[in-house]
Amino acid sequence: MANKIRTALEAIAGLQDGMTIMVAGFMGTGTPEILMDAIIEKGVKHLTVICNDGGLPRGWYSDYDTPRGTGKLLEAGVIDHIIASHVGLTPLVGQGIIDDTMECTLVPQGSLVEKIRANNFGLGGVLTPTGVGTIAAEGKMQIEIDGKMYLLEKPLRADYSLCRASVCDEFGNFLCNKTTKNFNYLMAGAADHNIIATERLVKAGELDPDTFQHSGVLVDMIVEGEKPWQI
Amino acid sequence: MADLKTRIAKRCAKEFKDGYVANLGIGLPTMVSSFLPEGVHITIQSENGFTGLEGSVERGDENVEIINAGGGYVKASPRVNYFDSATSFGIIRGGHVDATVLGAMQVDEQGNLANWIIPGKMYAGMGGAMDLVVGAKEVIITMLHQQFNKKTGVSKPKILKECNLPVTALGVVDLIITEMCVIKVTDEGLLLTELHHDFTVEDVVAATEAHLTVSPDLKPYDISE
């Protein structure tokens, strides 16, 4: 069996300037911080980032002077295009749009997750009533089914997905605690290369298989060393 | 201002029935859960991925793995269930949320809602709002009746004939609760159903651009326990 365990820098060795990545997490919760740090250390730029939001900016926590999650990538200036549902907490996105250094595509949160799921699970897209009659419908095909209008939301592809597990076995079966699940169970498997950074790594068979909620088949590489967020 | 928001939250709480599943927006809508009538227990859905949000948490008792959709640390009820974002929005879009309470920048006579973007000024993103208002069985807007401009000192109506900001969704609003009154959105337009005793019908009409029909059964705005 191929060994999936890597260091953070080994895992993103193939990540090049201009690539597209998916980053899991909701305002930083459930985002693999060690992979954010590795991207900045490696120095790749001009990324397209698919994520729910821009993470948290520096100073969000009064006593913690660091950005969090995708907020780190924003601060490092490595994002050319962010595809997200909410960027209101991270003024760097608004500033990037004004300065014309960044593109931002806003997608309703429920549609964003379905676009990712569609790519992961072999669907040509999904039909959703969300966004009909709004800016979010611009450029999208509208389809009427049984008298109700839907938007066709097409799959979103990516070169890498970066996810975070609470517990992961060496095959990649994983579990995300509580509200750290969010996009992790959808993004893992949705990209060409799928990386899990985990807090705890266990041997296959060490824990009851029912512990795990997601299949290691969807995981290509595993990085150990995520820490619980400190407040 | 705080008193007015409390008034609105208290009135909104009376809309909830025992057993409701509700999604409450950040800010004023979150306050609603503090004023539920006796015997009314609801399950709060948080779109970042759980049902069973129980309120804010004391500093020092935070669990870094339990946040709400505003990124704040919160408490979970014993019947909590955590899930991923696809399940969360499946619950929302699928009509499994009885009521969603949100703020608004504008609402109009057709029940159209604008609460996510001011072109050139505010670029936050819709987050889960577009899904919530399309999916929830009942959409309740809680807001101050008018927009007060601090610089000019002028108040402008937010309840309009037609929204002029980009909409969040079309024809989704069921009920508008402000500090002045309660307005139902009906097929025939906006119906003024309750009036707070601090105001007259003329006050409400003057603060509203949209056409209002006064209900023949107009009631006092009731926030009694």
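Note: the structure precedes this text.
Thresholds, definitions, all that
- Residues numbered from 1 in each chain as written.
- Chains lettered and ligands numbered in written order.
- Predicted model: local features only at pLDDT ≥ 70, side-chain atom pairs only at ≥ 80, totals over all residues.
- Helix = DSSP H or I, 4+ residues; strand = E, 2+ residues; numbered from the N terminus.
- Rg over C-alpha atoms; globule rule 2.2 N^0.38 Å.
- Buried ≥ 20, exposed ≤ 12 C-beta atoms within 10 Å, placed from the backbone.
- Contact = placed C-beta atoms within 7 Å.
- Pairing = 2+ DSSP bridges.
- Nonpolar A, V, L, I, M, F, W, Y, C, P; charged D, E, K, R; others polar.
- Axes fitted to C-alpha atoms, helices over the stretch in contact; angles between N-to-C directions.

Focus: the overall build of chain B
Across its full length, chain B carries five helices and 17 strands. The C-alpha atoms of chain B give a radius of gyration of 17 Å, which matches the 17 Å a tight globule of 225 residues would have. Along the longest, intermediate and shortest principal axes, the C-alpha atoms of chain B span 50 × 45 × 35 Å. Buried positions account for 43% of the 225 residues belonging to chain B. Considering only contacts within chain B whose residues lie at least 6 apart along the sequence, 63% involve residues at least 24 apart.

Section: the overall build of chain A
Along the backbone of chain A there are six helices and twelve strands. Rg of the C-alpha trace for chain A: 18 Å, near the compact-globule value of 17 Å for 231 residues, within the 12% margin. Considered along the principal axes of its C-alpha atoms, chain A spans approximately 50 × 40 × 30 Å. The 231 residues of chain A split such that 49% are buried.

Structural notes on the sheet that holds strand β6 (residues 106-108) of chain B
Residues and elements named next belong to chain B. Strand order in the open sheet formed by three strands is β7-β6-β13, and the pairing between neighbours is mixed. The sheet is open, and its two edges are formed by β7 (113-114) and β13 (159-160), each paired on a single side. Sheet topology note: the β6/β13 ladder contains two bridges and is parallel. Looking at β13, one finds that Asp108 is bridged to Leu160.

Quick look at the pairing of strand β7 (residues 142-145) of chain A
The pairing of β7(A) with strand β8 (residues 148-153) of chain A spans four bridges and is classified as antiparallel. Among the inter-strand pairings, Ile143(A) is bridged to a residue of β8(A), identified as Tyr150(A).

A short note on the interface of chain B and chain A
Frequently, the measure chosen for interface size is the accessible area that the parts lose on association. The interface of chain B with chain A comprises 32 residues on the first partner and 40 residues on the second. Taken together, the elements giving at least two residues each to the side of chain B that touches chain A come down to α3 (85-93) and α4 (129-135) of chain B. If one sorts the elements of the side of chain B that touches chain A by residue count, α3(B) sits on top with five residues. For the side of chain B that touches chain A, the residue count by class is 18 nonpolar, eight polar and six charged.

What to know about unusual backbone geometry
Residues and elements named next belong to chain A. At Met27, a position not held by glycine, the phi torsion is positive, near 50 degrees. Following the sequence through the fold, Met27 ends up in the loop between β2 (20-23) and α2 (33-42). With 28 C-beta atoms counted inside 10 Å, the residue Met27 sits in the buried group. If you check the backbone angles, Lys178 has positive phi at about 40 degrees while not being a glycine. Counting through the fold element by element, Lys178 comes out in the loop between β10 (174-175) and α6 (184-187).

Observations regarding the environment of Gln213(A)
All names here are of chain A. Here Gln213 shows up in the loop between β11 (193-202) and β12 (221-224). A residue is classified by how many C-beta atoms lie within 10 Å of it, and Gln213, with 17 of them, is partly exposed. Discounting residues that sit within four places of it in the chain, Gln213 has contacts with Leu175 and Tyr185.

Digging into the sheet that holds β8(A)
Residue and element names in this part refer to chain A. With respect to topology, three strands assemble into an open sheet ordered β6-β8-β7, the strand pairing being antiparallel. In this open sheet, the two strands that pair with only one neighbour each are β6 (126-128) and β7. Between one strand axis and the next, the sheet turns through 40 degrees on average, direction left out of account.

Some remarks on α3(B)
Counting buried positions over the nine residues of α3(B) gives seven, a clear majority of the element. Those residues of α3(B) not exposed but buried are Ser85(B), Ala86(B), Ser88(B), Phe89(B), Ile91(B), Ile92(B) and Arg93(B). Tucked inside the fold, the buried residues of α3(B) contact α5 (109-120), β6 and α6 of chain A together with β1 (21-24), β2 (43-46) and α4 of chain B. Positive phi appears at Gly95(B), one or two residues downstream of α3(B), with a value of about 80 degrees.

Some details on the environment of Gly54(A)
Residue and element names in this part refer to chain A. Structurally, the position occupied by Gly54 is in the loop between β3 (47-50) and α3 (70-76). Residue classification places Gly54 among the buried positions, given that 31 C-beta atoms sit within 10 Å. Residues Gly54 and Lys72, spaced 18 residues apart in sequence, show a C-alpha to C-alpha distance of 8.8 Å. In contact with Gly54, not counting residues within four places along its chain, are Thr70, Gly71, Leu74, Ile82, Ala84, Val87, Leu89, Thr90 and Val93.

Shape descriptors only; they carry no functional weight alone.
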